[in-house]
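# Overview (structure and organization)
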Amino acid sequence: MALHTIENEELRVQVSDHGGELCSIIKKPTGKEYLWNADKAFWNRHAPVLFPFVGGLKEKTYRYQGKSYFLGQHGFARDKEFELVSNSGTEIWHRLLPDKETRAVYPFDFELETGLRLFRNQVIVLWRVKNASKTEKMYFSIGGHPAFLCPIHGEKREECEILLEGVSIVNTRMLENGLAKKNLEQLELNKKEIGGKHYGAINLTEHLFDRDAYVIEGHQTREVALAGADKKIYLAVKFDAPLFGLWAPKGSAPFVCIEPWYGRCDRVDFDGDLTKKEYINALEPGEVFCKNYHICIF
C-alpha cells in the first residue's frame, strides 16, 4: 500500500493507492493535521471513495436485466488497489478498472479516475467516471466520505459546530437500518453570521448521531463548515452535489464526516430495479462524468 505526497506553500497532502484514498491534509505553516487518522477504535478509514454505490442496498442486492447482484455498503472501490496514473507534485491521479471480482457484483465496463489538486489553501477532489462500453448504458453512484478532525484546537467536541451556509432550516432524510426513510424530517438550525455570510449551526452534542447519518437532499446548501469553540471556521467543504451526508459514530468520536454525494442508499420500500434507483446516474456508451468538491483549510 504505497502513499504519495503532493504539496504547495500552504498544504501537504497524502493519498494511498489503496482505495485511491486521501489520508492526510496538513497545513504547513502550523503543522496541524485536519483529516482523521483512521484509528479503528472509532472508524478505520480516512476519506474513502464510494463507488459504484453510495450507502446500502436493500437486502444488499440490486437487479439489472433480470439478474440479481449482491454488493455491500458503499460499493467496492474503497477496498481495491488503484493504479497511480500521474503525480505532478501538486496534482495526482489514480485509476481503477474492472476485474473478475468487480464484474461478479457490478457488470458494467467502467473506468474510474480519482484526482487531488492543490490550489492555495484548497484540496480539490476530482472524479472522472467513464462508460467504456460501446453498446450498453451504465448506471452508478459516486460520493465522498472524508472525516475531519473535530475538535481540532483541543477544546471539547460539544463546543464545536457544523455550519450550513445560507440556511436556517433543512429537510433531512434519516435512516432506518441503513436505508432511507420514506418521509423527511425538518431540522431547525441556530442562525449565525460569520465573515459576512449567513449559516445555520448544528451543535455537536454527544447524541447528535445516535440515529445514524443525516441525509440532506435537493441542493439545500453548497457549503458545510466546521467551527471550533472560538466560533471561527477552520475548515469548509464546498460542492455542487445534489445531496450530502453528515455522519460520525455514536458518542463522542473526535471527527465529523461531510460527504458530497451523487447517489444515495436505497429507500426502505425500494424494489431493487437499478434503473429506477433514486439519484442514480446513467452514462451512455463512451460518455464521461466529471465532478469535484473543494476542501478549504483556514
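Here, the structure is the one placed above.
Attention here is on the structure that accompanies the text. (Residues numbered from 1 in each chain as written. Predicted model: local features only at pLDDT ≥ 70, side-chain atom pairs only at ≥ 80, totals over all residues. Heavy atoms only, no water.)

Another aspect to go through is the sheet that holds strand E2 (residues 11–16). Taken in spatial order, the four strands line up as E1-E2-E3-E4 in an open sheet, and their pairing is antiparallel. In this open sheet, the two edge strands, each paired with only one partner strand, are strand E1 (3–7) and strand E4 (32–33). As judged from the five bridges shared by E2 and strand E3 (residues 22–27), these two strands associate in the antiparallel manner. The residue of E3 that forms the bridge with glutamine 14 is serine 24. (Pairing = 2+ DSSP bridges. Helix = DSSP H or I, 4+ residues; strand = E, 2+ residues; numbered from the N terminus.)

As a rule of thumb, soluble globular proteins bury nonpolar side chains together. Ranked by size, the top nonpolar core spans 90 residues in total, and within it Ile162, Leu164 and Leu246 carry the most contacts. With sequence-adjacent residues up to four places away left out, isoleucine 162 is seen in contact with Gly200, Ala201, Ile202, Leu204, Leu208, Phe209, Val224, Ala225, Leu226, Leu246 and Val256. In this structure, Tyr199, Ala201, Ala225 and Ile233 belong to the second largest nonpolar core, which totals eight residues. (Core = buried A, V, L, I, M, F, W, Y, C linked by side-chain atoms within 4.5 Å. Buried < 20%, exposed > 50% of the residue type's maximum accessible area, 1.4 Å probe, protein only. Contact = heavy atoms within 4.5 Å.)

What follows deals with the state of the cysteines. What we call a disulfide is simply a covalent bond connecting the sulfur atoms of a pair of cysteines. Taken as a whole and assessed by the stated rule, the structure comprises zero disulfides. You can see cysteine 265 has no disulfide; the closest cysteine sulfur is in cysteine 257, sitting 15 Å from it. (Disulfide = S-S within 2.5 Å.)

Looking now at the sheet that holds strand E10 (residues 110–119). Spatial ordering of the open sheet is given by E8-E9-E10-E11-E28-E24-E23-E15-E21-E20, a layout of ten strands whose pairing is antiparallel. On the outer flanks of this sheet lie strand E8 (83–87) and strand E20 (190–194), each paired with one strand and no other. Neighbour to neighbour, the strand axes of the sheet diverge by 20° on average, direction disregarded. Strand direction decides the pairing type here: strand E15 (residues 161–165) and strand E21 (residues 197–203), joined by five bridges, are antiparallel. By the bridge assignment for E21, leucine 163 is matched with alanine 201. (Axes fitted to C-alpha atoms, helices over the stretch in contact; angles between N-to-C directions.)

These results come straight from atomic positions and should not be treated as a statement about function.
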